Amino acid sequence: MPAFPEAARSAVGNPTLRANLRHATHTIRDKRARAVAELDDWAALREAGKRIKDQTLRHLDAHLLRLEESVTAAGGTVHWAADAAEANRIVADLVKATGETEVVKVKSMATQEIGLNEHLEAEGVRAYETDLAELIVQLGEDRPSHILVPAIHRNRSEIRDIFRTEMGRWGRPAPEGMSDTPADLAEAARLHLREKFLRAKVGISGANFMVAETGTLVVVESEGNGRMCLTLPETLISVVGIEKVVPTWQDLEVFLQTLPRSSTAERMNPYTSMWTGTTDGDGPSAFHLVLLDNGRTDALADEVGRQALRCIRCSACLNVCPVYERAGGHAYGSVYPGPIGAILTPQLRGTASEVDASLPYASSLCGACYDVCPVAIDIPEVLVHLRERVAGEGGRGHRLERAAIKASTWVLDHPGALAAGERLASAARKALPKRLPGPGTRQWTDHRDLPELPAEPFRDWWRKNRA
C-alpha cells in the first residue's frame, strides 16, 4: 500500500464511492445520536467504560492469567500467540488436526488483522465468511473498508451484481431474477450460507469481550450468523486480542449498554452470544482460545498511546470523521480504518513503512472522534503523539524539513545574510514562481496563494522613512 495521501487521492475523486460513504455514515451517526440521547447517564457510562478499561490494562497480566484458569477449568484450551505468524500456525494446526478442509467464520477483526483466511488457503483450508457484509467483501475479492459495515463502499446494485456472478463459485448460486432490494439480497445470502452452516465441522470466531472471572466469551452481532457458527460446529476456535478481557460480569454490563448504541444505534444488541468452555451435548465439543498479542504489549508500554487499547470496535469515530467520509477505508491500508485505525495500526505494526508512517497525519484533528467515543479515547492527543514519534524517526520528508530549519536558523543568526537575501528576493519578486517546487510543498500551494513580496525589504523602508 502507498502512503495515505496517495491512496486517498483516487477515492476522493470517485463520486460513487463518495456518495455511498456520505449516505451511510450520515445515516448511522444520526441514528446513534438519537439512541445516545435517550440515556441521561451516558456521560457516566462513558466514564465508567474508560475507567474499567484503564484499570484492566494496568493489571492485564493478572486478568489474563485468571482468564486462562477459568477457560481451562470450563473445558477449553488456551493458546498464547506472540504475533500473527504464531497465531496463524496455531489455528491452521488445530483445523488440520480435525481432518477438515473448510471452516465457517464469525466476523472478526483479529483474524483479518493477522491474515488468517489467506494463511488457511495456503494450508489447503477454505474459510467462509458468514457475516453479510464480510460475505460481500469475500465474494467480490475486495477489502473491508469499515469496522462495523465492511462493505459500506458498495451500493445495492453493486452487491446484486457480485452475488449474481460470484456466488456460484463459492457454493449455492444466487436465485434467478434476483433484484437489488434488501429483502432479495438477504434471502440470497441466507440460502447460500445455510448449507455451509449445516455442513461445517469447525467454526472460527473472535470475541467482543472475555470475562476473566468465569472464562466466558461474548460475541455481539445483528444477523444471527454468529450464533450459527458458535453453536453448530463440533470445534470452535476463537482468536481474540489480549486487550478484550474484562474482569467481571458487572464490568461487562457497562459495555453491553454503550456498544450497541454507539455501533448500530440500537438499545440492545439483537444477538448477544456467550459461551463458557464446553458442555456435553450442547454446542461444540472442543473449544480453543488463541490469545493474540501482535504488538499490543508494545502499545501498552506507551503511556499516551495505550488508550487506543480501550477501543471496543464500535466504529462511531469513523462515522463522524470528515477525512474517512471522503477518503474511505481502503486508503488506510489496514483492517482498522478511520481515526482509530490511524492510532492503532501504527502502534501494532510500527511506523517503518510509508503507509504506517502516514496514518497519524490522516486527520484534521477536529476532535469529533473523541466526542463520540464511548470509552473516551483522546484520539487527537494520540495522533499528535504519534506524529512526534514519526518525525523523530526521520524519513525523507522529515529530513528535508530538518535541513530547511537548520538553514533558516543559520540565516536568522547572520543579519547580513538575511538582509542580502531579502534584497535579492525583492529584486526578483516578479520572476518568483506562484507555487512552491517539490511534491511535498507543492500540495500546500495547490490551494493556497503564496504571499506577495514587497517591492523593498522592511529594513530598507525603515532606514529611509524612520531612521
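Residues numbered from 1 in each chain as written. Predicted model: local features only at pLDDT ≥ 70, side-chain atom pairs only at ≥ 80, totals over all residues. Heavy atoms only, no water.

Going by the annotation in an unreviewed UniProt entry, the name recorded for the protein chain is Lactate utilization protein B, with Streptomyces litmocidini given as the source organism.

A.B. asks: Got a minute to help me understand the sheet that holds strand β9 (residues 271–276) in this structure?
C.D. replies: Strand-to-strand pairing in sheets goes through backbone hydrogen bonds, with the strands running parallel or antiparallel. The four strands lie next to each other as β8-β5-β6-β9, forming an open sheet whose pairing is mixed. Because the sheet does not close on itself, it has two edges, and the strands there are β8 (245–246) and β9. Together, β5 (209–211), β6 (216–221), β8 and β9 form the strand contacts of helix α12 (residues 249–263), whose direction differs from that of β5 by roughly 160°. (Pairing = 2+ DSSP bridges. Helix = DSSP H or I, 4+ residues; strand = E, 2+ residues; numbered from the N terminus. Contact = heavy atoms within 4.5 Å. Axes fitted to C-alpha atoms, helices over the stretch in contact; angles between N-to-C directions.)

A.B. asks: Can you help me understand the pairing of strand β2 (residues 102–105) in this one?
C.D. replies: Side-chain direction in a regular strand flips from residue to residue, so the side chains alternate between the two faces of the sheet. Side-chain alternation along β2 places E102 and V104 on one buried face and V103 and K105 on a second face that is also buried. For β2 and strand β3 (residues 126–129), the ladder comprises four bridges, and the chain directions are parallel. Bridged to E102 within β3 is R126. By the bridge criterion, two bridges tie β2 to strand β4 (residues 202–205) in an arrangement that is parallel. The residue bridging V104 from the neighbouring strand is G203, located in β4. (Buried < 20%, exposed > 50% of the residue type's maximum accessible area, 1.4 Å probe, protein only.)

A.B. asks: Looking at this model, I keep getting lost on the nonpolar core. Mind explaining?
C.D. replies: A general tendency of soluble globular proteins is for nonpolar side chains to be buried together. One finds F4, L67, F163, L289 and I343 to be the most contacted residues of the largest nonpolar core, which totals 102 residues. Contact partners of F163, with chain neighbours within four places excluded, come to L132, L135, I136, L139, A174, M178, L185, A188 and A189. Membership of the second largest hydrophobic core comes to 21 residues, among which are A81, I90, L94 and I114. (Core = buried A, V, L, I, M, F, W, Y, C linked by side-chain atoms within 4.5 Å.)

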